[in-house]
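Commentary on secondary and tertiary structure
For reference, the chains in residue letters:
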Amino acid sequence: MTEEAARTTDEAAAGDDTLLGGARALLEDGQTLLAAEIEFQKARAGFVLGRAKGILALAALALALLFFALMALVVGLLLALAPLLGPWGALAVVVLGLLALTGLSVLGVVRGVGSIARALKGKDGPA
């Protein structure tokens, strides 16, 4: 009977070692996977930041060129309207037109902010 008890405890210990070994291997695999995932995300973030610098530079150039195009449009309108309305009349028409466009833009911004505020407060109607 002692041999049977010894054999049973040896089998139980072997089963525990196998289970413990499997758990250790699983833990090591998990740690390796976590380290690989962290390195992957670091590389991914570096790639995105590298590309973002170029994209931001192109966006700044596009905005600068748009600004100059709008200035050319304003000067062109002043030059085109000056013979018809005189210099002061052309200036008044162009400035009033720009102020009207600015007012419409501000109105759109105010409506957009109000819509966001209502949505965040939960006072928006059903979607």
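Above this text you will find the structure in question.
Please read these numbers as outputs of a predicted model, since none were measured by experiment.

Remarks on the overall build of the protein chain
Each helix and strand counted, the protein chain has 1 helix and 0 strands in total. Put simply, the protein chain shows about 10,800 Å² of open surface, and 74% of that area lies on carbon and sulfur atoms.

Details of the environment of Ala-80
The residue Ala-80 is located in helix α1 (residues 2-121) in this model. Expressed as a C-alpha distance, the spacing of Ala-80 and Ala-90, which sit 10 residues apart in the sequence, is 8.2 Å.

Comments concerning the environment of Leu-79
Position of Leu-79 among the secondary structure elements: in helix α1. Remark: the alpha-carbon pair of Leu-79 and Leu-91, spanning 12 residues in sequence, is separated by 9.5 Å.

Observations regarding the pattern of salt bridges
Oppositely charged side chains can pair when the atoms bearing their charge come close. One pass over the full model with this rule turns up 1 salt bridge. Here Glu-39 and Lys-42 are joined by a salt bridge, their closest N and O atoms 3.8 Å apart. Of this pair, Glu-39 and Lys-42 both sit in helix α1, 3 residues apart, roughly one helical turn.

What counts and what doesn't
- Residues numbered from 1 in each chain as written.
- Predicted model: local features only at pLDDT ≥ 70, side-chain atom pairs only at ≥ 80, totals over all residues.
- Heavy atoms only, no water.
- Helix = DSSP H or I, 4+ residues; strand = E, 2+ residues; numbered from the N terminus.
- Areas by Shrake-Rupley, 256 points an atom, 1.4 Å probe, with all protein chains shown as cover.
- Salt bridge = Lys/Arg side-chain N within 4 Å of Asp/Glu carboxyl O.

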